[in-house]
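So you can see what is in the structure, the chains are spelled out below.
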Amino acid sequence: MKVMLKEAESFIRIFYGETNQSEQEMHIRLSEIEQQIVTTGSYEQTIEELAYGAKLAWRNSNKCIGRLFWQSLHVIDKRHIQADVAIFEALLEHIQFATNEGRIRPTITVFSPQNVRIWNHQLIRYAGYETNVGTIGDPDSIAFTKVCQNLGWQGQGGNFDVLPLVIQTSNNPPKLFDIPKEYILEVPIRHPEFEWFEDLQLKWYAVPMISSMKLEVGGISYVAAPFNGWYMGTEIGARNFADDDRYNMLPIIAEYMGLNTKSSASLWKDRALVELNVAVLLSYKEDGVSIVDHHTAAQQFKRFETNEAEAGRDVTGNWAWLVPPVSPATTHIYHKPYNNEKKTPNYLYQPLPY
Ligand code: ARG
C-alpha cells in the first residue's frame, strides 16, 4: 500500500508536470488517490493518466530504438471488459486498428489489471513443431505450441501456421480462439534481383504485437496490455530468418547465391545476410506495409535523443539492444555508451503463465 502510494505520487507528479497542469489540481488528485488506496487497497487511473503512462512507458523502454514516436501511441482502454469472448473481440479490434491495411499505427490495448492474462508472446506468431526430421516453423514457439496442442489446438504442421489466441480470465482454464485469416496481414518475401528467392517461400506477418509483457504505471500493473509498433527490417531479416536457432536461412541463401560456404572468410554469411535484409525491406515497401531500415531508425533515435536533451531529460538505453545486428558501427549508437537505468512507467517482463 505504501509502495503503491509512493509510485502513484511520483507518476502523478511527472504527468501533471509534463502536461502543464496546475499544482493545485495535482494536490487534489493526489489526495483523492490516497483516499482510494487507503479504503480499497488500490486506485483507478483516469483515461488521461493511463494514456500518458503508456506513452511514458514507451519513452522509458531502454531496448527500443523506435522511441522518437512515443507521443503518437494510440491507447485503447478496455479495462471494463471481463468476458473472454469480449477480450477476444478487443484483440481482433487491436489487430485491425494497428494493421490499418499496412499503414501501421502504434497501439496499445489495456485490459483490467486483474483477472485477464494473454498467454501468447505476440498476438500473431508462427507455431513451431519438433519432428523427427527436425523443427518445422518457428523454433522459438515450440513450448507455447505444445501448450496450445494440449489445450486441443491442431496446427497444419507448416512453417507459418498462425497460433491461436490463448486468453485466461480469473482462475478459469484458458480458452483458445482462432484469429480469422482476414485479420492477418502477411508479406511474401522476394528479392529485386534474385528470382529464385521466392522459391524459399518465406513470408512474415506485418505487425509485431507484444502481448506477454506488463505495463507498469503509477504503482498499477497491467498484466494484459498488448502493444505494437512496426518492424525494423533486421528483426526479421537478421534475427527471425537468420539466427541458427530460428529459421536458419543463411546457409541455403548462400548456396543459391553460389557462395563458398566452406570458408568463413568468403563472408558468405554476411553476403547472404545483406541480401536477405534487402529482400525483407523491399517486400514490405512494395506491399505498402510500414517498416523501417536500421539506418533510418538510428537517425530517428538520434532525433529522440536530441528532443529529450532539449526537454532537459536524460535518455536511458540498453546498448546491446539498441545497436542493430547488421552493420552496427555505421550507426552513431555503436560509438557511445548508454545508461541502462530503469525508469517507471515501463514495460516489464513477467513470469510465463504456463
Ligand atoms: N523482435 C520481435 C520480432 O521479431 C518484435 C519485437 C518488437 N518490435 C517492434 N518493432 N516493435 O517479432
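Quick look at the structure, then. In this text the structure is predicted, and so the values were computed from the model without any measurement.

**Section: the overall build of the protein chain**
Looking only at helices and strands, the protein chain has 10 helices and 16 strands in total. For a compact globule of 354 residues, the expected C-alpha radius of gyration is about 20 Å, and the protein chain comes in at 22 Å, within 12% of that figure. Taking all 354 residues of the protein chain together, the buried fraction comes to 50%. Long-range pairs, those at least 24 residues apart, make up 67% of the contacts in the protein chain between residues at least 6 apart in sequence. Per element, the accessible surface of the protein chain, about 17,400 Å² overall, is 50% carbon and sulfur. Of the side-chain charges in the protein chain, 32 are positive and 42 negative, and the distance between the mean point of each set is 4 Å.

**Let's talk about the side chain of S141**
Its place among the elements puts S141 in the loop between β5 (134–137) and α5 (142–150). The contact partners of S141, leaving out residues within four places of it in the chain, are R125, Y126, A127, G128 and L163.

**A closer look at the environment of S263**
By secondary structure assignment, the location of S263 is in the loop between α7 (250–256) and α8 (268–286). Taking C-alpha positions, S263 is 39 Å from N339, a pair spaced 76 residues apart along the chain.

**Comments concerning the sheet that holds strand β12 (residues 220–222)**
Across the sheet, three strands lie side by side as β12-β11-β16; this open sheet has antiparallel pairing. Strands with a single pairing partner mark the edges of an open sheet, and in this sheet they are β12 and β16 (346–348). Put simply, the sheet's adjacent strands are angled 30 degrees from each other on average, direction ignored. Where strand β11 (residues 214–217) meets β12, three bridges bridge the pair, whose relative direction is antiparallel. Its bridge partner being in β12, L215 is matched across the sheet by Y222. Across the face of the sheet, helix α3 (residues 47–59) comes into contact with β11, β12 and β16 while running at roughly 110 degrees to β11.

**So, the nonpolar core**
In globular proteins that are soluble, nonpolar side chains generally tend to be buried together. Counting residues in hydrophobic clusters, the biggest one holds 56 residues, and the most contacted among them are W204, F241 and Y284. Residue assignment for this core shows that the elements contributing at least two residues are α4 (84–99), β3 (116–118), β6 (165–169), β9 (203–205), α6 (233–240), α7 and α8. Among the elements that line this core, the one with the most residues is α8, at eight residues. Not counting chain neighbours up to four residues away, the residues in contact with F241 comprise F160, I189, L202, K203, W204, I236, Y247, N248, M249, L276 and V280. Core analysis: the next-biggest nonpolar cluster, separate from the first, contains 43 residues, I33, Y43, L56 and I65 among them.

**Details of the sheet that holds strand β10 (residues 209–210)**
Reading across from one edge, β1-β2-β13-β10 is the order of the four strands in this open sheet, with mixed pairing throughout. Each edge of the open sheet is held by one strand with a lone partner, namely β1 (74–78) and β10. Here β1 pairs with strand β2 (residues 107–111) via five bridges, running parallel. Within the sheet, the bridge partner assigned to I76 lies in β2 and is T109. Lying on the sheet, α3 is in contact with β1 and β2; it crosses β1 at an angle near 130 degrees. Docked against the sheet, α4 engages β1, β2, β10 and β13 (227–228), running at close to 170 degrees with respect to β2.

**Examining the side chain of E305**
Locating E305 in the fold gives a position in helix α9 (residues 294–310). Polar contacts involving the side chain of E305 include one to the side chain of K336, which spans 2.4 Å. Discounting chain neighbours no more than four positions away, the residues touching E305 are V315, H332, K336 and Y338.

**A look at the packing of helix α1 (residues 2–18) against α3**
Relative orientation of the contacting elements α1 and α3 amounts to 95 degrees, with a least axis distance of 11 Å. Taken together, α1 and α3 sit at an angle that is classed as roughly perpendicular. Contacts between α1 and α3 involve F11, I12, I14, F15 and E18 on the former and, on the latter, E48, E49, Y52, G53, L56 and R59. Taken together, the residues of the contact of α1 with α3 sort by class into six nonpolar, one polar and four charged.

**Let's talk about the packing of aromatic side chains**
Describing an aromatic ring pair means giving the distance of the ring centres and the angle of the ring planes. This model, assessed by the stated rule, comprises 24 aromatic pairs. Three or more aromatic residues link up through ring pairs in this structure, and these residues are Y126, F160, W204, Y205, Y231, F241 and Y247. The cationic tip of R59 hangs over the ring face of W70; the distance from NZ or CZ to the ring centre is 4.7 Å. Just above the ring of W321 sits the side chain of K63; from NZ or CZ to the centre is 4.5 Å.

**Details of the site of the ligand**
For the ligand, the full set of nearby residues is Q122, Y205, P208, I210, G229, W230, Y231, E235 and N240. Here a nitrogen atom of the ligand and a side-chain polar atom of E235 are 2.8 Å apart. Between the ligand and the protein, one listed contact pairs an oxygen atom with a side-chain N or O atom of N240 at 2.9 Å. Here the ligand has 350 Å² of accessible area as a free molecule, and 72% of this is covered by the chains.

Scoring rules and cut-offs
- Residues numbered from 1 in each chain as written.
- Predicted model: local features only at pLDDT ≥ 70, side-chain atom pairs only at ≥ 80, totals over all residues.
- Heavy atoms only, no water.
- Helix = DSSP H or I, 4+ residues; strand = E, 2+ residues; numbered from the N terminus.
- Rg over C-alpha atoms; globule rule 2.2 N^0.38 Å.
- Buried < 20%, exposed > 50% of the residue type's maximum accessible area, 1.4 Å probe, protein only.
- Contact = heavy atoms within 4.5 Å.
- Areas by Shrake-Rupley, 256 points an atom, 1.4 Å probe, with all protein chains shown as cover.
- Lys, Arg positive; Asp, Glu negative; His and termini not counted.
- Charge placed at Lys NZ, Arg CZ, Asp CG, Glu CD.
- Pairing = 2+ DSSP bridges.
- Axes fitted to C-alpha atoms, helices over the stretch in contact; angles between N-to-C directions.
- Core = buried A, V, L, I, M, F, W, Y, C linked by side-chain atoms within 4.5 Å.
- Polar contact = N/O pair within 3.5 Å; in protein donor to acceptor, adjacent residues only side chain to side chain.
- Parallel < 35°, antiparallel > 145°, perpendicular 65-115°, else oblique.
- Nonpolar A, V, L, I, M, F, W, Y, C, P; charged D, E, K, R; others polar.
- Phe/Tyr/Trp six-rings, centres within 6.5 Å; stacked < 30°, edge-to-face > 60°.
- Lys NZ or Arg CZ within 6 Å of the ring centre and 35° of its normal.
- Near = heavy atom within 4 Å.

Don't take any of this as a statement about function, it's just geometry.
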